[in-house]
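Topology and contacts: notes
As a plain string of letters, each chain reads:
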Protein chains: 2
Amino acid sequence: MVPPDSYADEPWRDRCLANYIVRGKEPFNAEARTDTLVDSFVTPTELHFRRNHGPIPRLDDQEWSMAVEVCVDAAAPVRRCSRVVRKCDLARLPQFEVVAVLECAGNRRDGLKAIKPVDGVTWGAGTASNARWAGCRLRDLLAAAGVPTDLCDPFYAAPRHVEFAAYGDAVEDEHYASSIPLEWVMNPRNMVLVATAMNGAPLLRDHGFPARIVAPGIIGARWVKWLKRIRVQDRESDSFYQKRDYKILPPEAGRANCAGFWPRFPALMELNVQSAICRPAADECLQVGRPYLAKGYALTGAGRAVDRVEVSLDDGETWALADVCAMHEGAAAAAGGERNWAARDWSWVLWSFRIDSVPQGCAIACRAWDSGGNTQPTSAIWNYRGVMNNAVFRVSPPTVASGAAPASRL
Amino acid sequence: MVPPDSYADEPWRDRCLANYIVRGKEPFNAEARTDTLVDSFVTPTELHFRRNHGPIPRLDDQEWSMAVEVCVDAAAPVRRCSRVVRKCDLARLPQFEVVAVLECAGNRRDGLKAIKPVDGVTWGAGTASNARWAGCRLRDLLAAAGVPTDLCDPFYAAPRHVEFAAYGDAVEDEHYASSIPLEWVMNPRNMVLVATAMNGAPLLRDHGFPARIVAPGIIGARWVKWLKRIRVQDRESDSFYQKRDYKILPPEAGRANCAGFWPRFPALMELNVQSAICRPAADECLQVGRPYLAKGYALTGAGRAVDRVEVSLDDGETWALADVCAMHEGAAAAAGGERNWAARDWSWVLWSFRIDSVPQGCAIACRAWDSGGNTQPTSAIWNYRGVMNNAVFRVSPPTVASGAAPASRL
């Protein structure tokens, strides 16, 4: 819960505001214009969306510490441990870097709000972006706290979870907290980091300074910022953000009756397959008869690969392959001494598609396919919290007759 | 390639033929009527579909052996090893049992053939079924051959694959062979077995006697039968069934131009989210105004969970939750001394949905959602080989006025 005047110490954001569509000031929520996202594979920090559930805590790099706790009663012998971890402790562990896309589960919520009201901040397709994240692996930090690295260990016979709690206040709960399954963290195929840097610089306050979770392939809500405590436990986080948000409830669940549905459906984890057309933007004017290079992004979850992106110019009747600029295998480069033994697909891909001659009444649609045989639904499927909308992306930009002066941006 | 008279020694199948819709006699390909599949969570062996690419080899349990080879040149030190493995060697390893659904990637190909011709056997929704598979873990067999069990080992720095080759002839290649990534096999979260038993009995010849691969969460084409050789290598299998089949090619690829597309798209591995209505069958006559209990199955890939199944009676306008009889966590019970440390969702789920009053012109649709945030496409998306069709399942059974004698099966 957020006391009065809590937003008096927000970061200074004036210089970057021009890059954003601001969706809320307190808490500060802003997304990039999607047409700015396709210029670079690694999104510049100043274009990276900002998603908050409360005021930004002010933490001091040198004073900062977090608790790392293991509270597992069911294991024999009972494992309990608690230690204080500072920046210098993180720096002593092997350092890794991973290029990974961060996507909010509410990305493209606007498409669901267009069907029926939903509970949640309005977002276009600008709450996804790719960054170079660096820090130590959470796996190594937990191993140092006594958590077994061998996934065959009887410790893993029962479900275990890692809860992340943040400094600062939050709107819907005492503070922000969330959890993911422990085995996901301890699996060396995955790359969950306690990140201290983004795109080669210390994290901005808006992005979790001084340390945040980076959980590639998983929804942004689990990438907890301003880390205060990491705890291995027998159950999921009891937080609002784990239990009463970030779930796909069935269509019959709404505000009035959602209470009965929350416990019946699981907390979201993996991202689903997603794509968006970034150029043309919805307000970009195209010239009829001229060629145009459409561009966008595509991504998917859990380390799966985007196998292809397709574009349709006839409302989904026929589809043609887009050119994909992928960064498979090499995407997650190792910064430390240890080799990143088996890179999976944690990045987004950018794609382009040449329209030889822009038609009158141009309508462009895109969809991606991933290595799980999944593609995007033809139309959006409403759910109460407006999460995980990955419907086929459509844009119908205005057109002018060729030769006419192009209209300026609306 | 199959010499003449190769089908002279097929198993005796007369007794079970009544259970099947036979799609091809040489090779023998047959699926269950789907209305027979929903009576038991574990499908009886005599209802389990049979899918072959050639004649059934006759192998002797006691004489049988397979080669286990490690041929990895890139590793330092170079790892090369070859050994002969017999039934008694498999029996000496810890024994496991897993309840897992086997689905052919061509399941529901009929829905794609209805759009445009495709290359492949016609299948309805009867090429999916659940069984109790037992044997040793492939992981343990490979570990005994010197493959590192630690996924952080530098051995895994480069991609490795495990190729499975079968005894016997095949129609499209010299023999049947296929591969999956080694790290999938060595990950203790997964349960790839060298199975020797199905539903508590030795494998039938049609199901791979005396030993086959069971790779839960992965398409049936990788569950190679009649094992002749298992080989760890640096690349995928060069087999027809890996390189020129079992891929989702883009819509523009067809028989005339597919050669250029095969190398550009990856071999299928994970199953996608799928569901089918088994009752009513398409030819079952319902009584208008009476209640009816619809039933079906749902499944997904890679260990993900089926989070829910929904049914629509108004052509997808509205959806309501079906009752799901799941077998989470406990589904993969351990038969051996070692605990199956962390069960994932390898089984299908069966579901039911009560229609209170069957309407005139009854049309029923179902779709499932999985823990990756995926659901099924509204309509089928054609591809040249007709694989991975997981469109929303629809059935419009005939109806009679209530009170009239129900029509017998057509």
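The name an unreviewed UniProt entry assigns to chain A is Sulfite oxidase, from the organism Coemansia biformis.

Section: the domain arrangement of chain A
All names here are of chain A. What the domain assignment reports for chain A is domain 1 (65–264) and domain 2 (274–328 + 345–400). Placing the centre of domain 1 and that of domain 2 at their C-alpha centroids yields a distance of 29 Å. Tallying the contact residues gives 42 residues for domain 1 and 26 residues for domain 2. Of the roughly 2,900 Å² buried where domain 1 meets domain 2, counting both sides, 60% is carbon and sulfur surface.

Observations regarding the sheet that holds strand β16 (residues 306–312) of chain B
Residues and elements named next belong to chain B. Taken in spatial order, the four strands of this open sheet run β17-β16-β20-β21, and their pairing is antiparallel. Edge positions in the sheet fall to β17 (320–321) and β21 (393–395), since each has one partner strand and no second. Pairing geometry for strand β20 (residues 364–370) and β21, over three bridges, is antiparallel. Among the inter-strand pairings, Ala-365 is bridged to a residue of β21, identified as Arg-394.

Considerations on the sheet that holds strand β21 (residues 393–395) of chain A
Residues and elements named next belong to chain A. Strand order in the open sheet formed by four strands is β17-β16-β20-β21, with antiparallel pairing between adjacent strands. Only two strands of the sheet have a single partner each, and these edge strands are β17 (320–321) and β21. Here strand β16 (residues 306–312) pairs with strand β20 (residues 364–370) via six bridges, running antiparallel. The partner of Glu-310 across the bridge, within β20, is Arg-367.

Section: the side chain of Arg229(A)
Residue and element names in this part refer to chain A. On the secondary structure map, Arg-229 appears in strand β12 (residues 227–233). A distance of 2.8 Å separates polar atoms of two side chains, one belonging to Arg-229 and the other to Glu-163. Beyond its immediate chain neighbours, meaning those up to four positions away, Arg-229 contacts Met-66, Ala-67, Glu-69, Glu-163, Phe-164 and Ala-165.

Concerning the pairing of β16(B)
Residues and elements named next belong to chain B. With six of seven residues buried, β16 is to be regarded as a mostly interior element. Pairing between β16 and β17: two bridges, direction antiparallel. The partner of Glu-310 across the bridge, within β17, is Leu-321.

A short note on the interface of chain A and chain B
Contact residues are listed per partner, giving 42 residues for chain A and 42 residues for chain B. Taken together, the two surfaces of chain A and chain B that pack against each other cover about 3,700 Å², and 57% of this comes from carbon and sulfur. Across the chain A-chain B interface, the total number found is three salt bridges. Residue Arg304(A) is joined to Glu270(B) by a salt bridge in which the shortest nitrogen-to-oxygen separation is 4.0 Å. The tally of links from chain A across to chain B stands at eight residue pairs in polar contact (both at pLDDT 80 or more). The set of elements that each furnish at least two residues to the side of chain A that touches chain B consists of β16, β17 and β20 of chain A. With three residues, β16(A) is the single largest residue contributor to the side of chain A that touches chain B. The residue makeup of the side of chain A that touches chain B, split by class, is 23 nonpolar, seven polar and 12 charged.

Scoring rules and cut-offs
- Position numbers for residues count from 1 along each chain, tracking the sequence in the order it is written.
- Note on labels: chains are lettered from A, ligands numbered from 1, in written order.
- With pLDDT at 70 or above as the cut-off, local features in this predicted model cover only qualifying residues; side-chain atom pairs require 80 or more to be listed or tallied, and sums for whole chains, interfaces and linings still use all residues.
- With hydrogens and water stripped out, all remaining heavy atoms of the structure feed into the side-chain values.
- All the domain ranges listed were derived from an automatic or database domain assignment.
- Whether two residues touch is decided by their heavy atoms; if any such pair falls within 4.5 Å, the residues are in contact.
- By buried area we mean the combined loss of accessible area, with a 1.4 Å probe, across both parts when two parts are placed together.
- What makes two strands pair is DSSP finding at least two bridges between them.
- In DSSP terms, a helix is any run of H or I states spanning at least four residues, a strand is any run of E spanning at least two, and both are numbered starting from the N terminus.
- Within 3.5 Å is the distance limit for a polar contact, defined as a pair of N or O atoms, with the added protein rule that one can donate a hydrogen and the other accept it, and that residues adjacent in sequence qualify only through two side-chain atoms.
- Each residue is assigned to one of three classes by its accessible area relative to the maximum for its type, calculated with a 1.4 Å probe on protein chains only: buried under 20%, partly exposed between the two thresholds, exposed over 50%.
- Any Lys or Arg side-chain nitrogen located within 4 Å of an Asp or Glu carboxyl oxygen qualifies as a salt bridge.
- Gly is placed with the polar residues, together with every amino acid not listed as nonpolar (Ala, Val, Leu, Ile, Met, Phe, Trp, Tyr, Cys and Pro) or charged (Asp, Glu, Lys and Arg).

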